[in-house]
2 protein chains.
Amino acid sequence: MVDQVGSLGQQMWDFVYAYDAAYDRAAREVGLSAAQACLLKAVAERPVTMGELASRLLCDASNVTQIVTRLESKGLVRRQPGARDGRSKEVVITPDGAVLDERMRVAFTFPVERLGLLSSDARDALGSALDVMLGRDG
Amino acid sequence: MVDQVGSLGQQMWDFVYAYDAAYDRAAREVGLSAAQACLLKAVAERPVTMGELASRLLCDASNVTQIVTRLESKGLVRRQPGARDGRSKEVVITPDGAVLDERMRVAFTFPVERLGLLSSDARDALGSALDVMLGRDG
DNA sequence: TATTGTTATACTCTATAACTATA
DNA sequence: TATAGTTATAGAGTATAACAATA
């Protein structure tokens, strides 16, 4: 059992390694860093405050300030005053930003490619395993 | 089917995100950056040349130079002349480095923790799926 | 001449501490 | 006074270009 976990641990490492590398490559293909692509993705769903971005990206607020400033200077997002709280700011994606986010999703072929190698049953099994490991059932 | 892949893609994203965050946290716990921990892990197996490290870490050689220099200044690795080729250098782990690498493995509890949530059958299924997605059979 | 590694440089990511403005 | 965000600063990761030493 320990050996099974050990070997699985190595496979998991290799897979995450390949996943991260592919994400980084895709981001650079569209002219972004991985961190920028990540933030753009978060903002693409809906406007998000700076603080919320820091929470979701698991980093310091001062870091978010800089990444947003860079994306803003590229015209991909803009800051707007927070809805209720005069202190807060929301980051909103621009049309150009939405286009680039979509290009990024297209460029990041890794997940679809790899999942496409699995049988339907294997996909089901993988989905169940990920649910459990993410604490989403059981 | 497309929806299945889409949902699975999100689960995969979430899992990789959690994995990366956990690795980063573990590295910081032992006083390393993720990149430093990664290089130390590579060198822990056996001496590796600078160029080989660049290949394995998927980065430029000049980057490896800097990371190795930092690890060397912490006394965790050392450079030694290459075996056959007088131009090359091998990076060798020191006793202190080996201790820290082991501490890192202990600190990085994420894989074992999460795999421990799975049944034996689910682990088998996950292992098979990863093999296929990593192109290691079929 | 080609290759291994380093140096110089520049940009990005990241965090800490001090600060401004608002609550 | 507490909170949201920014600024200043510093260390680390990263790549490109120019370079040294060796093959």
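Because the structure is predicted, anything quoted here is derived from the model rather than measured. (Residues numbered from 1 in each chain as written. Chains lettered and ligands numbered in written order. Predicted model: local features only at pLDDT ≥ 70, side-chain atom pairs only at ≥ 80, totals over all residues. Heavy atoms only, no water.)

**Details of the sheet that holds strand 2 (residues 77-81) of chain B**
Residues and elements named next belong to chain B.
1) Next: Strand order in the open sheet formed by three strands is 1-3-2, with antiparallel pairing between adjacent strands. The open sheet terminates on both sides in strands that have one partner only, identified here as strand 1 (48-49) and strand 2.
2) Next: The sheet contact formed by strand 2 and strand 3 (residues 89-93) spans five bridges and is antiparallel. Bridge assignment links Arg-79 to a residue of strand 3, and that residue is Val-91.
3) Next: Against the sheet, helix 4 (residues 61-73) contacts strand 2 and strand 3, and its axis sits at roughly 115 degrees relative to strand 2. (Pairing = 2+ DSSP bridges. Helix = DSSP H or I, 4+ residues; strand = E, 2+ residues; numbered from the N terminus. Contact = heavy atoms within 4.5 Å. Axes fitted to C-alpha atoms, helices over the stretch in contact; angles between N-to-C directions.)

**A few points about empty space enclosed by the protein**
1) Next: Inspection of every chain in the model, using the stated rule, returns one cavity of 30 Å³ or more.
2) Next: Forming the boundary of the largest cavity are Met12(A), Phe15(A), Val16(A), Leu126(A), Leu130(A), Met133(A), Met12(B), Phe15(B), Val16(B), Leu126(B), Leu130(B) and Met133(B).
3) Next: Counting only elements with at least two residues in the lining of the largest cavity, the list comes to helix 1 (2-29) and helix 7 (120-133) of chain A together with helix 1 (2-29) and helix 7 (120-133) of chain B.
4) Next: In the lining of the largest cavity, the residues fall into twelve nonpolar, no polar and no charged. (1 Å grid on protein atoms, 1.4 Å probe; cavity = no way out; pocket = protein on both sides within 12 Å on 5 of 7 lines; lining within 4 Å. Points joined across faces, edges and corners; volume = space filled by probe spheres on them. Nonpolar A, V, L, I, M, F, W, Y, C, P; charged D, E, K, R; others polar.)

**Points about the pairing of strand 3 (residues 89-93) of chain A**
Residues and elements named next belong to chain A.
1) Next: Extensive coverage of strand 3 is indicated by the burial of four of its five residues.
2) Next: Relative to strand 3, strand 1 (residues 48-49) runs antiparallel, the two being bridged by two bridges. The residue bridging Thr-49 from the neighbouring strand is Glu-90, located in strand 3. (Buried < 20%, exposed > 50% of the residue type's maximum accessible area, 1.4 Å probe, protein only.)

**Re the layout of surface pockets**
1) Next: One number sums up the size of the largest pocket: a volume of about 1700 Å³.
2) Next: The wall of the largest pocket is formed by 38 residues, among which Asp20(A), Asp24(A), Ala34(A), Asp20(B) and Ala34(B) lie closest to the centre.
3) Next: Where the lining of the largest pocket is concerned, the elements lending two or more residues are helix 1, helix 2 (34-45) and helix 4 (61-73) of chain A together with helix 1, helix 2 (34-45) and helix 4 of chain B.
4) Next: Classifying every residue of the lining of the largest pocket by side-chain character gives 26 nonpolar, four polar and eight charged.

**Some details on the protein's contact with DNA strand C**
1) Next: Taken together, 24 residues lie around DNA strand C, and Ser33(A), Asp60(A), Gln66(A), Arg70(A) and Gly51(B) are the ones closest in.
2) Next: Near the protein, meaning within 4 Å, the atoms of DNA strand C are sugar or phosphate in a fraction of 63%, with bases accounting for the rest.
3) Next: At a separation of 2.6 Å, a phosphate oxygen of DNA strand C approaches a polar backbone atom of Gly51(B).
4) Next: Listed by contribution, the elements that provide at least two residues to the surface near DNA strand C are helix 2 and helix 4 of chain A together with helix 3 (50-56) and helix 4 of chain B. (Near = heavy atom within 4 Å. Polar contact = N/O pair within 3.5 Å; in protein donor to acceptor, adjacent residues only side chain to side chain.)

**Re the packing of helix 2 of chain B against helix 4 of chain B**
Residues and elements named next belong to chain B.
1) Next: With their axes 10 Å apart at the nearest point, helix 2 and helix 4 run at an angle of 85 degrees to one another. Regarding the angle of helix 2 to helix 4, the classification is roughly perpendicular. Where helix 2 approaches helix 4, its residues Ala-35, Gln-36, Leu-39 and Leu-40 are matched on the opposing element by Val-64, Ile-67, Val-68, Arg-70 and Leu-71.
2) Next: Looking at side-chain class alone, the contact of helix 2 with helix 4 contains seven nonpolar, one polar and one charged residues. (Parallel < 35°, antiparallel > 145°, perpendicular 65-115°, else oblique.)

**As for the protein's contact with DNA strand D**
1) Next: Gly51(A), Arg79(A), Ser33(B), Asp60(B) and Arg70(B) are the nearest of the 24 residues found near DNA strand D.
2) Next: Backbone atoms, meaning sugar plus phosphate, form 65% of the atoms of DNA strand D positioned within 4 Å of the protein.
3) Next: Residue Met50(A) places a main-chain N or O atom 3.2 Å away from a phosphate oxygen belonging to DNA strand D.
4) Next: One of the side-chain N or O atoms of Asn63(B) is found 3.1 Å from a sugar or linking oxygen in DNA strand D.
5) Next: Taken together, the elements giving at least two residues each to the surface near DNA strand D come down to helix 3 (50-56) and helix 4 of chain A together with helix 2 and helix 4 of chain B.
6) Next: Looking at which element gives the most residues to the surface near DNA strand D, the answer is helix 4 of chain B, with five residues.

**Quick word on the relation of the copies chain B and chain A**
1) Next: When chain B is brought onto chain A, the operation consists of a screw motion whose angular component is 180 degrees and whose axial shift is 0.0 Å, with 0.1 Å RMSD remaining. Seen this way, the second copy is the image of the first under a two-fold rotation axis. (Least-squares fit on C-alpha atoms with pLDDT ≥ 70 in both.)

**Points about helix 5 (residues 95-107) of chain A**
Residues and elements named next belong to chain A.
1) Next: With 13 residues, helix 5 ought to run about 18 Å at 1.5 Å a step, and its terminal C-alpha atoms sit 18 Å apart, in line with that.
2) Next: Among the residues of helix 5, those classed as buried are Gly-97, Leu-100, Asp-101, Met-104 and Ala-107. Down the axis of helix 5, the smallest arc covering the buried residues is 120 degrees, so these residues share one side. For helix 5, the exposed residues lying more than 90 degrees away from the buried face are Pro-95, Val-99 and Val-106. (Expected span 1.5 Å × (residues − 1). Arc of directions from axis to C-beta.)

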